[in-house]
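Residues per chain, in single letters:
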Amino acid sequence: MGRHSISFGAGDKQQHTLAGEVCFEGVTLHKGFHGKLLMKPALPNHGIVFKRTDLKASENLVRARWDNVSDTALCTTVSNKSGISVSTVEHLMAAFAGCGVDNALVEINCPEVPIMDGSARPFVDMFEKVGLYQQNASRKYIKILKPIKILENDACIELSPAKNFSIDFEIDFDSEAIKDTSLNISLVNGAFNHEISSARTFGFLEDVDRMRLAGLGLGGSLKNVVVVDGSKVLNDDGLRFKDEFVRHKILDCVGDLYLCGGPIIGSVKAYKTGHYFNNKLL
């Protein structure tokens, strides 16, 4: 098999890996590390695996799987049996999902993935540039055969049978700045990469001091987070979409659900949910 340009959607029958190595570096959102990533092609059925290069080889591999998720507070963290972890994996996982990358080794020099611009777009752009390599192995899909629903208090997420992967998401924040609160999108034919991948993570100015006292958000800035103060968005460039907030929640959902080990054939309907519910669903 050989190198080819990325084809989007869920129709590929073969597994794919990156056609070459890809490098990224930047600040991490929560702990403020200077993170460096080196992503390498991997063999069929390898999956997405993180390798902590700052630790000894006997315990530094962390497989990106739903049953390795160890924390879902403000981000998704995966850990191995030795307790070695990598956090804030959701944007990178979303890019792997959107670009159809099944297998990759992600070497990382710290316990958190760099936040880049707060979206998955920098990863997607680089994957599009390097291209994919089609492998001689069949791709594995998760086909939903019956509805699965998680309901806690007034929050809910549900997976139902469908011909393609789609997400119908609704958010509810007490903020005058967040006016467009719902979106239903079918994630085929490159829709994720074109419509969702550039939506940035967001937060509220009133929460910043509390988060930093808890040791979180230390690398956050207007360069990588959409910050809301009352009825205003503080970023000079404003929003990329009028409904960027709900689009980012869909981005997170795509990344979290890709931890199931392959593309999903089914529809997702979510209301007021996040990383915890995404993992609970899997």
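What counts, and at which threshold
- Residues numbered from 1 in each chain as written.
- Predicted model: local features only at pLDDT ≥ 70, side-chain atom pairs only at ≥ 80, totals over all residues.
- Heavy atoms only, no water.
- 1 Å grid on protein atoms, 1.4 Å probe; cavity = no way out; pocket = protein on both sides within 12 Å on 5 of 7 lines; lining within 4 Å.
- Points joined across faces, edges and corners; volume = space filled by probe spheres on them.
- Helix = DSSP H or I, 4+ residues; strand = E, 2+ residues; numbered from the N terminus.
- Nonpolar A, V, L, I, M, F, W, Y, C, P; charged D, E, K, R; others polar.
- Pairing = 2+ DSSP bridges.
- Axes fitted to C-alpha atoms, helices over the stretch in contact; angles between N-to-C directions.
- Contact = heavy atoms within 4.5 Å.
- Polar contact = N/O pair within 3.5 Å; in protein donor to acceptor, adjacent residues only side chain to side chain.

Comments concerning the layout of surface pockets
Turning to step 1, where the next piece is worked out: The calculated volume of the largest pocket comes to roughly 920 Å³.
Turning to step 2, where the next piece is worked out: Around the largest pocket, the lining is made up of 38 residues, and of these Leu 74, Thr 201, Phe 202, Gly 203 and Met 211 lie nearest the centre.
Turning to step 3, where the next piece is worked out: Looking at the lining of the largest pocket, the elements with two or more residues in it are helix 1 (90–99), strand 17 (202–204), helix 4 (208–213), helix 5 (244–257) and helix 6 (275–281).
Turning to step 4, where the next piece is worked out: Top element by residues in the lining of the largest pocket is helix 4. It accounts for four residues.
Turning to step 5, where the next piece is worked out: The residue makeup of the lining of the largest pocket, split by class, is 17 nonpolar, 13 polar and eight charged.
Turning to step 6, where the next piece is worked out: Here the second largest pocket defines a volume of roughly 330 Å³.
Turning to step 7, where the next piece is worked out: Taken together, 17 residues line the second largest pocket, and the ones lying closest to its centre are His 46, Gly 47, Asp 102, Gly 261 and Gly 262.
Turning to step 8, where the next piece is worked out: When its residues are assigned to classes, the lining of the second largest pocket shows five nonpolar, seven polar and five charged.

A look at the sheet that holds strand 9 (residues 85–86)
Turning to step 1, where the next piece is worked out: With antiparallel pairing, the three strands of this open sheet are ordered in space as 7-8-9. Only two strands of the sheet have a single neighbouring strand rather than two, namely strand 7 (69–71) and strand 9.
Turning to step 2, where the next piece is worked out: Inspection of the sheet shows strand 8 (residues 77–79) paired to strand 9 by two bridges, in the antiparallel sense. Following the sheet pairing, Val 78 is matched in strand 9 by Val 86.

A short note on the sheet that holds strand 21 (residues 267–271)
Within a beta sheet, neighbouring strands are joined by backbone hydrogen bonds and run either parallel or antiparallel to one another.
Turning to step 1, where the next piece is worked out: Taken together, five strands build an open sheet; the order of strands is 13-14-21-15-16 and the sheet is mixed. The open sheet terminates on both sides in strands that have one partner only, identified here as strand 13 (148–152) and strand 16 (182–186). The sheet shows a mean angle of 5° between the axes of neighbouring strands, direction not considered.
Turning to step 2, where the next piece is worked out: Here strand 14 (residues 155–160) runs beside strand 21; their pairing, made up of five bridges, is antiparallel. If you follow Ser 160 over to strand 21, its bridge partner there is Ser 267.
Turning to step 3, where the next piece is worked out: In the packing of helix 5 onto the sheet, contacts are made with strand 14, strand 15 (166–170), strand 16 and strand 21, and the angle to strand 15 comes to roughly 130°.

Structural notes on the environment of Ser 119
Turning to step 1, where the next piece is worked out: As for its position among the elements, Ser 119 is in the loop between strand 10 (104–108) and helix 2 (121–130).
Turning to step 2, where the next piece is worked out: Setting aside anything within four residues of it in sequence, one finds Ser 119 in contact with His 91, Ser 197, Ser 198, Ala 199, Arg 200 and Arg 240.
Turning to step 3, where the next piece is worked out: For Ser 119, the side chain forms a polar contact with the main-chain nitrogen of Arg 121, separated by 3.0 Å.
Turning to step 4, where the next piece is worked out: In terms of polar contacts, Ser 119 uses its side chain to reach the backbone carbonyl oxygen of Ser 197, at 3.3 Å.

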